[in-house]
Amino acid sequence: MNIKVVLKILGTVLFWESVLMFPSLVISIIDNTYEIKAFILSIVCIGVIGIILKNLNTTDSQLRKREGYASVAICWLAMSLLGALPFYLSGAIPSYVDAVFETASGFTTTGSSIVTDIESFPRGLLFWRSFTHWIGGMGVLVFTMALVPSMGARSVFLARAESPGPSFGKLVPKISETAKILYIIYGAMTFILIVFLIIAGMPVFDSMIHAFGTAGTGGFSSKALSVGHYNNPWIEWIITVFMFLFGANFALYFLIIKGEWKSALRNEEFRFYGITVLAAAILICINILPLYNYSVTEALRHSAFQVSTIVTTTGYATADFNLWPMFSKSILLMLMFFGACAGSTGGGVKFIRILVLIKSVAYEIRHTVHPNSVQTVKIDGKSLDNDNLKSIMIFFFSYVAVIISAIIIVSLDNFDFTTTFSAVLATISNIGPGLEVVGPMGNFSEFSDLSKITMTACMIIGRLEVLPVITLFSPSIWKKH
Amino acid sequence: MKIIIVGSGKVGYTLAQQLSTEDHDITLVDSDADVLSHADDTLDVMCIKGNGASVEILKEANVAEADLLIAVTDGDELNMVCCVIGKKLGAKHTVARIRNTDYSNEYKMLKQELELDMVINPEMDAADEIARMLQFPLATNVETFANNMLEMVEFRVLESDRLIDARLMDLTKKLPAKVLFCAVKRDGEIIIPKGTFVFNPEDLVYVIGERSDISNFFRYMGRSSHKAKNITIIGGSRIAIYLTWILNEIGMNVKIIELDKNRCVLLNEVLSNTLIICGDGTDQEVLDNENIQAADAFVALTDRDEENLISSLYAHQCGVNKVVLKINRQNYFPIVKKLGLDSIVSPKFTTANNILRYVRALDNSQGSAVEKLYKILDDEAEVAEFTACSSANLLNIKLKDLKLKKDVLISAIVRNKKIIIPYGNDYIKDGDKVIVVTKTGFISDLSEILED
């Protein structure tokens, strides 16, 4: 592997990370709170490292698949380690492991928190914490690609490793243009959401925080009770709808902008996603009716919000679903596993993969009944070749394998099974809250450092969809040639 | 520009590679998933799998908004159909590769009836290039500029040349001819020579000037510019046929050695005035029997790179003045050049270059000012032809007062059909054609040669 190329990319990414810290610094200067120094120090520190690495001299700047994958994994790791500096240096989160957990949870748009008293945080830190969601949602490397088009043709490997889903589809021939379009759509939708929230009656600063959390499908809130704090049906419905929208493939929005409504709505993954969400919301609504005195509007408001927040792996909460019946909890647990759509900002296994797996099973059954039948697994009318199927199955297995290994490590803390299992699932699927101790009203502060480190790793592994991170552990990747 | 390339073979891939680095939006269409995934991995282009002549695929490639459709699949007929449909669906310009000799006399009609903007025939282009090389036997490579008024010639410096051990500034004073040294390649490094530069043997040098001046220059160096008269070709491929046609027209004698008996009969039908020898061109005995030592030039055009190489080496060793060989694999170029064989032709490469020139000219009519762009010295330096317009901020300033970027050289100015080889006191006027050599990379506007 050509380490210098990787470091150069890391430098560019860190440089932009320090630039992206400026808005938070400005807010803390306006508020004149205690974390100003921490921000200045972090910006200088990250910026200097970034500039030094960026200007490394390399003769061979070829970026192959392995460099692409390694860069993405290393960048995300470094971003989380260094992005934690403001929390740690300001003393807001005294333990560095905790600070890294919180930052990784931000960048990977997980939204799991170890902070017990979030409302005491200064606004600068709150802003940085939520802004990491927004940056991480669409991806930092995609962001740098939009800004630095000179990263070269091979940066497609970076985009592939970073963007969620089995394949990275270009919208237009140039990758930097594609990245730009994605960010423009992303930014515009976020802006519309902020405006809507303000109109619905949320304070401006809170609107931004919650818009970032929704757009990145992250889930950090500035309130202890999350979105439930406002107890405002308008706000909840707006966020419900927008979470759903941010959980869909952004390529569809590009199609809609181009005026191809029909092909966007005909997209198989989107249909599957829509139907699943709708069915889950209705089933849970019926199941929880008794809890809300048989008021359909109330029950639907809560079930729709919770389904939307879990399926898109956002992790906001308006109700403590720990108190809901087992059937509802099971459905939510299933949705945690599914995750959002490919090409969205959400995490999880992704609907497209589930769809392919279901179709493969159906195909296998048909093949058993009619052994000589010839068929292929088709998505949107196009048949998938064996390589695609293989990579989806390998992904699925490695995903499950990581979950199992993480559960074994986390179980050393001796929490009950639901807590342990849902904590790991919530972090690897980038959701945020799990069940029981880590439920929507609880948090992750009670875990040991080992578990926190494991779960931090889970978040990054889940966000980058396993393989880019795992390849780092292959000894042959580190060899020079 | 938005460009659709149908067919991701060698030519298609090379085109996509070059054009995507020149900031065009490229969509590549091919029916083979493997070649597409290779392109998708290595190039910044959009790839679509499917038949390029199908309406559905062309629509998916957004042909209605395409400025240019280039069809370079293996099938001539497929390329034609693809271009016709593309044009009907709204592509502004179309280029088709048509290589079958059967069609070679019908280009005019094909272009008209199928509304093609350009027809390319790799074999014919390669034959053209070889013919140019044979006309200038001292040079390893010849390019023309400004409607063929200017020639840029590549040659390798020899021990015996009168260039050695003189500084460039002294040399230019002594030269009887008005030529300019544009670029030198030494030990793999490209140098834009300055006044203090001293030539070494084995340097690869580019000079620009009028044809007569370049001849004078070669004479001054002590090399006789004796024209090739008797040409031996091995391999009776399509290129050989086209080449023989051209060479016969300018009065050279051609002898073709071809192994396949049936092919020989066919060659004899098409080329009635040419001596066709049936024999193995890689066999030294056959070559000796045909008195290879007496040939002025030797051209190896068989289908196999290795055979071309071996027989060329033998001819070179026998003292044939000019040896040209065809090499398909581009990565062989440096190895072959090391062996002392500088005149290499690669039909695919030539084709790609010709299309590139067309695209750049097309692009020029849409705003940017490059009229012709050549890559020289293994793509490491560029020669670009511009027309100076009033917007350029370097008009009417003496060249010595211009702050040019590093490694940029204004190598010639063409004003009212007269060629000026510029010195410090010359200047550029509105409407001049300017030829610039750079190694810094793509320059899209004349003003860009100035230091910011």
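Everything numeric here is computed off the predicted structure, so don't read it as measured data.

(A) Region of interest: the environment of Ile120(B). Residue and element names in this part refer to chain B. Along the chain, the position of isoleucine 120 falls in strand S6 (residues 118–120). The spatial distance from the C-alpha of isoleucine 120 to the C-alpha of leucine 43 is 24 Å, given a sequence separation of 77 residues. Beyond its immediate stretch of four places on either side in the chain, isoleucine 120 contacts Val72, Val95, Ala96, Arg97, Ile98, Asp125, Thr351 and Ile355.

(B) Representation of the state of the cysteines. Residue and element names in this part refer to chain B. With the rule as written, the count across this model stands at 0 disulfides over all chains. Left unpaired, cysteine 83 is separated from the closest cysteine sulfur, that of cysteine 82, by 5.5 Å. Note on cysteine 83: relative accessible area 0%, which makes it buried.

(C) The arrangement of a negative patch on the surface in detail. A contiguous patch of negative charge, built from Asp385(A), Asp387(A), Asp32(B) and Asp34(B), is present on the exposed surface. Positionally, Asp34(B) belongs in helix H2 (residues 33–42).

(D) Region of interest: the nonpolar core. Counting 154 residues, the largest nonpolar core has Trp76(A) and Leu141(A) as its most contacted members. If you tally residues by element for this core, the top one is helix H10 (residues 175–200) of chain A, at 12 residues. Contact partners of Leu141(A), with chain neighbours within four places excluded, come to Ile9(A), Val13(A), Val72(A), Cys75(A), Trp76(A), Leu158(A) and Glu162(A). Ranked by size, the runner-up nonpolar core spans 27 residues in total, among them Ala127(B), Ala228(B), Ile256(B) and Leu271(B).

(E) Layout of the sheet that holds strand S2 (residues 25–30) of chain B. Residue and element names in this part refer to chain B. With respect to topology, 6 strands assemble into an open sheet ordered S3-S2-S1-S4-S5-S6, the strand pairing being parallel. With one partner strand each, in any of the chains shown, strand S3 (46–49) and S6 form the two edges of the open sheet. Taking the axes of each pair of neighbouring strands and ignoring which way they run, one obtains an average angle of 15° across the sheet. When strand S1 (residues 2–6) meets strand S4 (residues 68–71), the two strands line up parallel, connected through 4 bridges. Its bridge partner being in S4, isoleucine 3 is matched across the sheet by leucine 68. Docked against the sheet, helix H4 (residues 76–89) engages S1, S4 and strand S5 (93–97), running at close to 175° with respect to S5.

(F) Seen up close, the interface of chain A and chain B. Each partner contributes to the interface: chain A provides 13 residues, whereas chain B provides 13 residues. Together, the buried faces of chain A and chain B total about 1,100 Å²; carbon and sulfur atoms form 45% of this surface. Remark: the boundary between chain A and chain B carries 6 salt bridges. The shortest N-O distance in the salt bridge between Lys174(A) and Asp25(B) comes to 2.6 Å. Inspection of the region where chain A meets chain B yields 7 residue pairs in polar contact (both at pLDDT 80 or more). Secondary-structure elements contributing two or more residues to the side of chain A that touches chain B are helix H9 (156–162) and H10 of chain A. No other element matches H9(A), which puts 3 residues into the side of chain A that touches chain B. Here the side of chain A that touches chain B is built from residues that sort into 7 nonpolar, 1 polar and 5 charged.

(G) How the structure looks around the domain arrangement of chain B. Each assigned domain of chain B is listed here: domain 1 (2–120), domain 2 (230–320) and domain 3 (355–449). Computed from C-alpha coordinates alone, the two centres of domain 1 of chain B and domain 2 of chain B are separated by 34 Å.

(H) Structural view of the confidence of the model for chain B. Confidence in the prediction for chain B averages 83 pLDDT; 96% of positions are at 70 or higher. Here the predicted complex carries an ipTM of 0.79, next to a pTM of 0.80.

(I) Focus on unusual backbone geometry. Residues and elements named next belong to chain A. Backbone geometry at threonine 217 places phi at a positive 50°, although glycine is not the residue there. Within the secondary structure, threonine 217 is located in the loop between helix H11 (204–215) and helix H12 (233–246). The backbone of asparagine 231 shows a phi angle near 45°, a positive value even though the residue is not glycine. Asparagine 231 sits in the exposed class, given a relative accessible area of 57%.

(J) Representation of the packing of H11(A) against H12(A) in the model. Residues and elements named next belong to chain A. Taken N-terminus to C-terminus, the directions of H11 and H12 make an angle of 35°; their axes are 9 Å apart at the nearest point. Facing His210, Thr214 and Ala215 of H11, the residues of H12 in contact are Ile239, Phe242, Met243 and Phe246. Class assignment for the residues of the contact of H11 with H12 results in 5 nonpolar, 2 polar and no charged.

(K) Highlighting the pattern of salt bridges. Taken as a whole and assessed by the stated rule, the structure comprises 29 salt bridges over all chains. Between Glu260(A) and Lys258(A) there is a salt bridge, with its nearest N and O atoms 3.8 Å apart. Using a relative accessible area of 35% as the deciding quantity, one classes Glu260(A) as partly exposed. Residue classification places Lys258(A) among the partly exposed positions, given a relative accessible area of 45%. Measuring nitrogen to oxygen at the nearest pair gives 2.9 Å for the salt bridge that ties Asp432(B) to Arg415(B). Taken together, the residues Asp432(B) in the loop between strand S21 (418–420) and strand S22 (433–438) and Arg415(B) in strand S20 (residues 408–415) connect sequence positions 17 residues apart. Judged by its relative accessible area of 19%, Arg415(B) falls in the buried class. Each of the salt bridges in this network shares a partner with another, and the network as a whole consists of Arg160(A), Asp40(B) and Asp41(B).

(L) Region of interest: the pairing of S3(B). Residue and element names in this part refer to chain B. Taking every second residue as pointing to the same face, the buried face of S3 carries Met46 and Ile48, while none of Cys47 and Lys49 on the other face is buried. As paired strands, S2 and S3 are joined by 4 bridges and run parallel to one another. Its bridge partner lying in S3, leucine 28 is registered against cysteine 47. In terms of handedness, the path from S2 via H2 over to S3 forms a crossover that is right-handed.

Conventions and cut-offs
- Residues numbered from 1 in each chain as written.
- Chains lettered and ligands numbered in written order.
- Predicted model: local features only at pLDDT ≥ 70, side-chain atom pairs only at ≥ 80, totals over all residues.
- Heavy atoms only, no water.
- Helix = DSSP H or I, 4+ residues; strand = E, 2+ residues; numbered from the N terminus.
- Contact = heavy atoms within 4.5 Å.
- Disulfide = S-S within 2.5 Å.
- Buried < 20%, exposed > 50% of the residue type's maximum accessible area, 1.4 Å probe, protein only.
- Patch = residues over 30% accessible without salt bridge, like charges linked within 9 Å, V, L, I, M, F, W, Y side chains within 5 Å.
- Areas by Shrake-Rupley, 256 points an atom, 1.4 Å probe, with all protein chains shown as cover.
- Salt bridge = Lys/Arg side-chain N within 4 Å of Asp/Glu carboxyl O.
- Lys, Arg positive; Asp, Glu negative; His and termini not counted.
- Charge placed at Lys NZ, Arg CZ, Asp CG, Glu CD.
- Core = buried A, V, L, I, M, F, W, Y, C linked by side-chain atoms within 4.5 Å.
- Pairing = 2+ DSSP bridges.
- Axes fitted to C-alpha atoms, helices over the stretch in contact; angles between N-to-C directions.
- Buried area = accessible area lost by both parts, 1.4 Å probe.
- Polar contact = N/O pair within 3.5 Å; in protein donor to acceptor, adjacent residues only side chain to side chain.
- Nonpolar A, V, L, I, M, F, W, Y, C, P; charged D, E, K, R; others polar.
- Domains from an automatic or database assignment.
- pLDDT = per-residue confidence, 0-100.
- Right-handed = clockwise from strand over helix to strand, strands pointing away.

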